[in-house]
Amino acid sequence: MSDITKFIFGFKRFQKDYFCDDSSVFENLKEEQKPRALLIGCSDSRVDPATLMGCAPGDLFVVRNVANLVPPCENDNGHHGVSAAVEFAVCSLEVEHIIVLGHCNCGGIKALMRKRGGEPSGVFIDPWMDIASKARDQVLTELAGREPQVQERACEQAAILISLENLLTFPWVRERVEARKLYLHGWYFDFETGELFSYLPETQQFEPLVPRCR
Ligand SMILES: [Zn+2]
């Protein structure tokens, strides 16, 4: 079966589930969506948020990009796709949670770490990954001389914290967080072990949210 045929068969299964067998989900969603969470994830094919979180249509508002990054708020009339999606989710949909979901073996973070050695990754990838350059610099200082895998994992996690910090540069995010109407979460999926981690400000560590299965 070709890749495209596989996708068409997949859609037929989806159509059967949601339009032939039980049409109630889209009956309720056809006028408007009311997701309670915005998830900012990586474009990586191994970390599809709806698959990972067992979501149905309407459950999650999703932004995906290289390395699940959020840029800081910049009012320069540029084409800010991530910022526009965050604005819509927060101000119009009034989501109650924003989850930044990072993951192991992230190609974007690998590119960021390589750039330090002067190897360019792409005309668009390099300036995009500059958002997380502070994470790279911090890791290379704190974990100088460690194995690249250890540095990359630390950078993947530090970059999640930068995205959380950058979310707070949007005034309408900060206001809602301070008013406890909006909660920010930093999650990290390790697909080598199947674990999900969550950043705990109290310990300043990523702690297991869902430990590995036995
Ligand atoms: Zn990634």
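In this text the structure is predicted, and so the values were computed from the model without any measurement.

Caption draft 1: Inspection of the sheet that holds strand E3 (residues 97-103) at higher detail. Here six strands make up an open sheet; going across it, the order is E2-E1-E3-E4-E5-E6 and the pairing mixed. The open sheet has two free edges, formed respectively by strand E2 (60-65) and strand E6 (205-210), since each of these has just one partner strand. Pairs of neighbouring strands in the sheet enclose a mean axial angle of 30 degrees, with direction left out of account. In terms of strand pairing, strand E1 (residues 37-42) meets E3 through five bridges, oriented parallel. Its bridge partner lying in E3, Ile 40 is registered against Val 100. Contacts between helix H4 (residues 81-92) and the sheet are confined to E1 and E2, with E2 contributing the most and set at about 170 degrees to the helix.

Caption draft 2: Inspection of the domain arrangement of the chain at higher detail. On domain assignment, one finds that the chain holds domain 1 (1-31) and domain 2 (35-210). If you average the C-alpha positions of domain 1 and of domain 2, the two centres end up 30 Å apart.

Caption draft 3: How the structure looks around the nonpolar core. Leu 38, Ala 67, Ala 132 and Ala 159 are the most contacted members of the largest nonpolar core, which has 46 residues in total. Top contributing element to this core by residue count: helix H8 (residues 148-167), with seven residues. The residues touching Ala 67, leaving out its near neighbours within four places in the chain, are Cys 42, Cys 106, Gly 108, Ile 109, Met 129, Ala 132 and Ala 159.

Caption draft 4: Structural view of unusual backbone geometry. Positive phi is not limited to glycine here, since Asn 77 has a value of about 60 degrees. Turning to its location among the elements, Asn 77 is positioned in the loop between E2 and H4. For Asn 77, a count of 6 C-beta atoms within 10 Å puts it in the exposed group. Positive phi values are uncommon outside glycine, yet Arg 180 reaches one of about 60 degrees. Note on placement: Arg 180 falls in the loop between helix H9 (171-178) and strand E4 (183-190). On the basis of neighbour counts, which here come to 8 C-beta atoms within 10 Å, the residue Arg 180 falls in the exposed class.

Caption draft 5: Structural view of the pairing of E1. Of all six residues in E1, six are buried, a share of seventy percent or more. Pairing geometry for E1 and E2, over six bridges, is parallel. Bridge pairing links Leu 38 to Phe 61 in E2.

The rules behind each value
Residues numbered from 1 in each chain as written. Predicted model: local features only at pLDDT ≥ 70, side-chain atom pairs only at ≥ 80, totals over all residues. Pairing = 2+ DSSP bridges. Helix = DSSP H or I, 4+ residues; strand = E, 2+ residues; numbered from the N terminus. Axes fitted to C-alpha atoms, helices over the stretch in contact; angles between N-to-C directions. Contact = placed C-beta atoms within 7 Å. Domains from an automatic or database assignment. Core = buried A, V, L, I, M, F, W, Y, C linked by C-beta atoms within 7 Å. Buried ≥ 20, exposed ≤ 12 C-beta atoms within 10 Å, placed from the backbone.

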